[in-house]
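Each chain, written out:
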Amino acid sequence: MNKKKAVVALGHKALGITLPEQKIAAHEAAASIADLIEDGYQLVISHSNAPQVGMIHTAMNEFAGRHPEFTAAPMSVCSAMSQGYIGYDLQNSIREELLNRGIYKTVSTVLTQVKVDPYDEAFYNPEKKVGRYMDQEEAELEEKKGNYVTEVPDKGYQRIVAAPKPRDIIEIDAIKALLDAGQVVIAAGGGGIPVLAQRHHLKGASAVIEKDAVCALTAELIDADELIILTAVEKVALNYGKENEQWLDVMTTTEARKYMEEGHFAAGSMLPKIEAAVEFVEGREGRSALITILEKAVDGLNGKTGTRIVKG
Ligand code: ADP
Ligand code: MG
């Protein structure tokens, strides 16, 4: 049987913030993932990493601050650490959940690097906030190191980095090989580690990639049938949070473009999901994207809930 291929994006809600929270959340996420596998899907799973990478970054910097013989870890290294930290919990939770259902499949995490363009406009205009809040003195120190910071009202200062577009996935052949072998793959966590190609050398970039964007690219490169974005809301809305809020069951790509232009989707949260869905669905005939809440993934796929994005 030719199984349907899908990329699943797990949002921040699927992972919690602290380590104990992450353990519980990963366990719950694993149940939804196992539902999809039981439903016959071949999956590549990706996930967000904002609180986790923030924690790792802070921990590494504090450590280096206290121990002058060590240096602080760059963003790219922290991002790699976060893929291991989250992937470890996710792969074990999914493995266990599958075994409990009598399914034996290897689940593994691929440390994933994502090529970005050094001339990407985003590098001239960093705007993605990362890490903990700092006071003015710390912020000035960051600027001296060549990093960008921004003032956050009532909170202090925070580092900002560029969010360039993902161009290619270095480990895509490994991801495809595992998928072709019928295994479950966790890849491109936290948007992947952004890298700049310098001949044969890959240089970690001081940036973060939007996980929804990298999920669309992964889905394109494995030629998936479905892009499943599991987030904190059950459906996408027009006039979100307003009196005339309207939840959508389905939206064509033409409608999605119009709604984007009208500003219905918040930048940095819903907008990148809609952009990812449109790009993926328009890639070829027969694809569709689903945005729904983690617990209702299978219901969403069966048309009972969620917002479906289709070509048209
Ligand atoms: P994730 O970690 O899953 O990517 P985000 O917080 O980035 O989560 O994005 C999901 C959030 O987008 C929702 O919790 C919701 O508050 C927000 N959102 C913004 N615009 C809309 C909209 N038009 N419809 C539904 N949710 C929206
Ligand atoms: Mg998000």
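Residues numbered from 1 in each chain as written. Chains lettered and ligands numbered in written order. Predicted model: local features only at pLDDT ≥ 70, side-chain atom pairs only at ≥ 80, totals over all residues. Heavy atoms only, no water.

Within an unreviewed UniProt entry, the label attached to the protein chain reads Carbamate kinase, and the organism entered is Diplocloster agilis. Here the protein chain is described in UniProt, under the heading Catalytic activity (unreviewed entry), as follows: "hydrogencarbonate + NH4(+) + ATP = carbamoyl phosphate + ADP + H2O + H(+)". Under Sequence similarities (unreviewed entry), UniProt gives the following word-for-word description of the protein chain: "Belongs to the carbamate kinase family." (UniProt positions renumbered as here; feature names shortened; annotations may be inferred.)

**Q** How should I be thinking about the nonpolar core in this particular structure?
**A** It is characteristic of soluble globular proteins that their nonpolar side chains tend to be buried jointly. By size, the foremost hydrophobic cluster in this structure holds 46 residues, and its most contacted members are Val7, Ile175, Ile222, Leu227, Met251 and Ile274. Top contributing element to this core by residue count: helix H8 (residues 271–281), with six residues. In this structure, Val8, Cys78, Leu90 and Ile186 belong to the second largest nonpolar core, which totals 35 residues. (Core = buried A, V, L, I, M, F, W, Y, C linked by side-chain atoms within 4.5 Å. Buried < 20%, exposed > 50% of the residue type's maximum accessible area, 1.4 Å probe, protein only. Helix = DSSP H or I, 4+ residues; strand = E, 2+ residues; numbered from the N terminus.)

**Q** Is there a simple way to explain the site of ligand 1 in this structure?
**A** The environment of ligand 1 is made up of 17 residues, and the closest members are His12, Lys211, Thr231, Ala237 and Lys273. A distance of 3.0 Å separates a nitrogen atom of ligand 1 from a polar atom in the backbone of His264. Within the contact set of ligand 1, an oxygen atom lies 2.5 Å away from a side-chain nitrogen or oxygen of Lys273. Relative to its free-state accessible area of 570 Å², ligand 1 is covered by the protein chains to the extent of 85%. (Near = heavy atom within 4 Å. Polar contact = N/O pair within 3.5 Å; in protein donor to acceptor, adjacent residues only side chain to side chain. Areas by Shrake-Rupley, 256 points an atom, 1.4 Å probe, with all protein chains shown as cover.)

**Q** What should I look at first to understand the pattern of salt bridges in this one?
**A** Opposite charge on two side chains makes pairing possible when the charged atoms of those side chains draw close. Throughout the structure, instances matching the rule amount to 22 salt bridges. The partner of Lys23 in a salt bridge is Asp89, and the shortest N-O contact between them spans 2.6 Å. Note that Lys23 is positioned in helix H1 (residues 19–38) and Asp89 in helix H3 (residues 75–100), a separation of 66 residues in sequence. Using a relative accessible area of 7% as the deciding quantity, one classes Asp89 as buried. Between Arg287 and Glu220 there is a salt bridge whose closest N-O contact spans 2.8 Å. Highlighted residues: Arg287 in the loop between H8 and strand S16 (288–293) and Glu220 in helix H6 (residues 211–221), separated in sequence by 67 residues. Judged by relative accessible area, which is 5%, Arg287 ranks as buried. (Salt bridge = Lys/Arg side-chain N within 4 Å of Asp/Glu carboxyl O.)

**Q** Can you walk me through the UniProt feature "domain: Aspartate/glutamate/uridylate kinase" (unreviewed entry) in the protein chain in this structure?
**A** Mapped onto the present numbering, the UniProt feature "domain: Aspartate/glutamate/uridylate kinase" (unreviewed entry) falls at residues 4–284. The span residues 4–284 is 40% helical and 25% strand by assignment, and the distance between its end C-alpha atoms comes to 15 Å.

**Q** Looking at this model, I keep getting lost on the sheet that holds strand S2 (residues 41–47). Mind explaining?
**A** Sheet strands pair by backbone hydrogen bonding; their relative direction is either parallel or antiparallel. An order of S3-S9-S2-S1-S12-S16-S17-S15 is seen for the eight strands of this open sheet, with the pairing classed as mixed. Whereas interior strands pair on both sides, the edge strands pair on one side only; in this sheet they are strand S3 (107–110) and strand S15 (250–252). Direction aside, neighbouring strands of the sheet carry axes that sit 20° apart on average. For strand S12 (residues 226–231) and S16, the ladder comprises six bridges, and the chain directions are parallel. (Pairing = 2+ DSSP bridges. Axes fitted to C-alpha atoms, helices over the stretch in contact; angles between N-to-C directions.)

**Q** Got a minute to help me understand the packing of aromatic side chains in this structure?
**A** Throughout the structure, instances matching the rule amount to two aromatic pairs. Each ring, one from Phe63 and one from Phe70, has its centre 4.9 Å from the other, and the planes form 50°; the classification is tilted. With a relative accessible area of 37%, Phe63 lands in the partly exposed category. Aromatic pair Tyr240 and Trp247: ring centres 6.2 Å apart, planes at 80°, arrangement edge-to-face. A residue is classified by how much of its surface remains accessible, and Tyr240, at 52% relative accessible area, is exposed. Its relative accessible area of 42% is what places Trp247 among the partly exposed residues. (Phe/Tyr/Trp six-rings, centres within 6.5 Å; stacked < 30°, edge-to-face > 60°.)

**Q** Is there a simple way to explain H3 in this structure?
**A** Because each turn of an α-helix spans 3.6 residues, side chains separated by three or four positions end up pointing in the same direction. The end-to-end C-alpha distance of H3, which contains 26 residues, comes to 37 Å, matching closely the 38 Å that a straight helix rising 1.5 Å per residue would cover. When the local axis directions of H3 are compared, the greatest deviation, roughly 25°, occurs at Gly87. Just beyond H3, the residue with positive phi is Gly102, at close to 80°. (Expected span 1.5 Å × (residues − 1). Bend = angle between axes of the 7 residues up to and from the residue.)

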